[in-house]
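# Analysis of the macromolecular model
Here is how the chains run, residue by residue.
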Amino acid sequence: MAALLLLPLLLLLPLLLLKLRLWPQLRWLAADLAFTVRALRCKRALRARALAAAAADPEGPEGGCSLAWRLAQLAQQRPSHTFLIHGARRFSYAEAERQSNRTARAFLRARGWDRGPGGGGTGGAEEGEQPAHGAPDVAAGSGAARAARERDGVAPLAPGATVALLLPACPEFLWLWFGLAKAGLRTAFVPTALRRGPLLHCLRCCGARALVLAPEFLESLEPDLPALRAMGLHLWAAGAETHPAGISDLLAEASAEVDEPVPGYLSSPQNIMDTCLYIFTSGTTGLPKAARISHLKILQCQGFYQLCGAHQDDVIYLALPLYHMSGSLLGIVGCLGIGATVVLKSKFSAGQFWEDCQQHRVTVFQYIGELCRYLVNQPPDKAEHGHKVRLAVGSGLRSDTWERFVRRFGPLQVLETYGLTEGNVATFNYTGQQGAVGRASWLYKHVFPFSLIRYDVTTGEPIRNIQGHCVATSPGEPGLLVAPVSPQSPFLGYAGGPELARGKLLKDVFRPGDVFFNTGDLLVCDDQGFLRFHDRTGDTFRWKGENVATTEVAEALEALDFLQEVNVYGVTVPGHEGRAGMAALVLRPPHSLDLVQLYAHVSENLPPYARPRFLRLQECLATTETFKQQKVRMAKEGFDPSTLSDPLYILDQAGGAYLPLTPARYSALLAGDLRI
């Protein structure tokens, strides 16, 4: 009887919650709860793996660093299961273990290690420091090898030394990375496009003692070789082509080694917070910075695909650079975490993508930046039908492309994520809500804490109250994403001086003495608790006293059917405060540019201050190697028709139209005779 009396109340509960404005958040409670349970299970499993490794025999591979013991574990549990597909080559987990063991022994030989009883991992000591007290000097082993290197002017590699990899995405990249980890050496992933000054800067700032490079890069690196030799680097090439003097073939050296496991104590960290890897962040200005990656972060990344709902029978398509966190830590380490198969591509080809997916029965696609846009802009292909792809995971997918991607290639799930190489916070849009990068539910923030705080675009600083503390944003208000720094969510900074991390840590955010990591990104949380990316703090600009978000302007322009791609940025105009909006446009074939429709569209959909003052028509947009739009470079190029060959247009406020930006109009603008 009591149950019957309660039934009407239960039926009325949703209406009551709606009236109280609680329903928008609570309607997603089941999804929030399910993901929280998955995250807690993942954390518990990773913790159990780490404890098992700590208790394992230090002589065995299971007692090494997380990469070493996870690969050894998979080689035992799933020896014949395919780990890697690259072109026509396939490697099982057992083969990956053997290949990495050989390269580990080649690097250990460069350390002078002769299978002594002691050793030190990458733990504790930074570059140039001595091993911990009581750890034998394994570099003192092979006298003959040591003498040979000293004759060449190159000292043996010390325990914990850094070896830089300058290689494309290929199996050899992985064997070298895994081998370095097993040998107790740090790895530095160098972006493949770097040469001359930027390359030398990266090698110096991470304290590299050796460099392994791809043979196909030797010609372009020839002018750099004298400087590399002057740095005292041990130089290897990963291939059997003819090499200049002083560069040996590391793969040949590795092939001569036995493939037996190396002792775990060589790579076991003294502290899980120790640096084991450097990944260079491109940033928006200045030279790249070497972000410190800890053993803890490597372990956490093993859980990435488990959090995304992938499993060991999945086949993951990875066409991202391995020197980027998304490719290496999320793609490769995440795949190791679930014991799945990865199809590795050296370069992304939109025209080849669906044929690859059909051939390899791909079930998961990892994207970044504009990859999905490239796919939806391809002409129809019969291979895009009947595929097995059920999940697309990544970051940077714009809402308009999301809708087109799912409509054309679905049914499939898109799981948009957010994170930074050096950051201590990540978000997952596990509900599939279009355009969102994650959730801000109290359950999610209990597992992965973060906050959105008010930010002043003019000063470039968070807004603080009279007590000196930051102020949380309201729903719908853009805010700076920050996350508390703790032993579980640390910020290790960058190799080099502490000035490199200036501005990355905020103090006294909500309480005296607290410390938060500053992501540098503005996000918006709506009234349903969904997070949406708003803009980079450096990309948002002020014009006419108002803040202009480049992403909002770009989304408005992309609604026009004759525009295929849009890049919005701010440019300085002499005699004007702030920065004026400029949009680089790529037309969708076979359309032509309709300036009348474009002006009518921006007038209807954007406030006056947000309407682009300048247009630049291009054949294709400039992007980075990780498919992110080049905004800083475009802003520096400006809008001078005498220096740019692309068609340029200017907004004529008085005439209500976009007009060609001729030299005469450019001069009138500089003279103050043309109002924008």
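Residues numbered from 1 in each chain as written. Predicted model: local features only at pLDDT ≥ 70, side-chain atom pairs only at ≥ 80, totals over all residues. Heavy atoms only, no water.

## Focus on the environment of S248
For S248, the position within the fold is in strand β7 (residues 247-249). The exposure class of S248 is partly exposed, given its relative accessible area of 24%. Not counting the four nearest positions on each side in its chain, S248 is found in contact with H234, L235, W236, A237, H243 and E253. (Helix = DSSP H or I, 4+ residues; strand = E, 2+ residues; numbered from the N terminus. Buried < 20%, exposed > 50% of the residue type's maximum accessible area, 1.4 Å probe, protein only. Contact = heavy atoms within 4.5 Å.)

## Re the sheet that holds strand β1 (residues 82-86)
In a beta sheet, neighbouring strands are held together by backbone hydrogen bonds and run either parallel or antiparallel to one another. Taking strand neighbours across the sheet as the criterion, the eight strands line up as β2-β1-β11-β10-β12-β13-β14-β15 in an open arrangement whose pairing is mixed. Where the open sheet ends on each side, the last strands, each with one partner, are β2 (89-92) and β15 (426-428). For this sheet, the mean angle separating the axes of adjacent strands, direction not counted, is 20°. Relative to β15, strand β14 (residues 413-419) runs antiparallel, the two sharing three bridges. Considered in β15, the bridge of Y418 is made with T427. Seen against the sheet, helix α5 (residues 93-110) touches β1 and β2 and runs at an angle of roughly 90° to β2. Contacts between helix α17 (residues 399-409) and the sheet are confined to β12 (364-368), β13 (391-395) and β14, with β14 contributing the most and set at about 150° to the helix. (Pairing = 2+ DSSP bridges. Axes fitted to C-alpha atoms, helices over the stretch in contact; angles between N-to-C directions.)

## Points about the packing of helix α4 (residues 66-77) against helix α7 (residues 171-182)
Contact geometry of α4 with α7 gives a least axis separation of 8 Å together with a crossing angle of 115°. In this view, α4 runs roughly perpendicular relative to α7, as classed from their interaxial angle. For the element pair α4 and α7, the recorded crossing hand is left-handed. Contacts between α4 and α7 involve L67, A68 and L71 on the former and, on the latter, W177, F178, A181 and K182. (Parallel < 35°, antiparallel > 145°, perpendicular 65-115°, else oblique. Left-handed = near helix turned anticlockwise from the far one by under 90°.)

## Considering the nonpolar core
Counting residues in hydrophobic clusters, the biggest one holds 158 residues, and the most contacted among them are F83, W177 and F365. Core analysis: the second largest hydrophobic core is formed by 44 residues, L563, L595, L644 and L674 among them. (Core = buried A, V, L, I, M, F, W, Y, C linked by side-chain atoms within 4.5 Å.)

## With respect to the pattern of salt bridges
Evaluation of the coordinates by the stated rule reveals 22 salt bridges. For R78, the salt bridge is made with D313, and the minimal N-O distance between the two is 3.8 Å. One end of the pair, R78, is in the loop between α4 and β1; the other, D313, is in the loop between α13 (304-307) and β10 (315-318), with 235 residues separating them in the sequence. Overall, R78 belongs to the buried group, its relative accessible area being 16%. Among the salt bridges present, the one from E558 reaches R373, with a minimum N-O distance of 3.2 Å. Highlighted residues: E558 in helix α19 (residues 550-558) and R373 in helix α16 (residues 371-376), separated in sequence by 185 residues. For the pair E558 and R373, one class covers both residues: buried. (Salt bridge = Lys/Arg side-chain N within 4 Å of Asp/Glu carboxyl O.)

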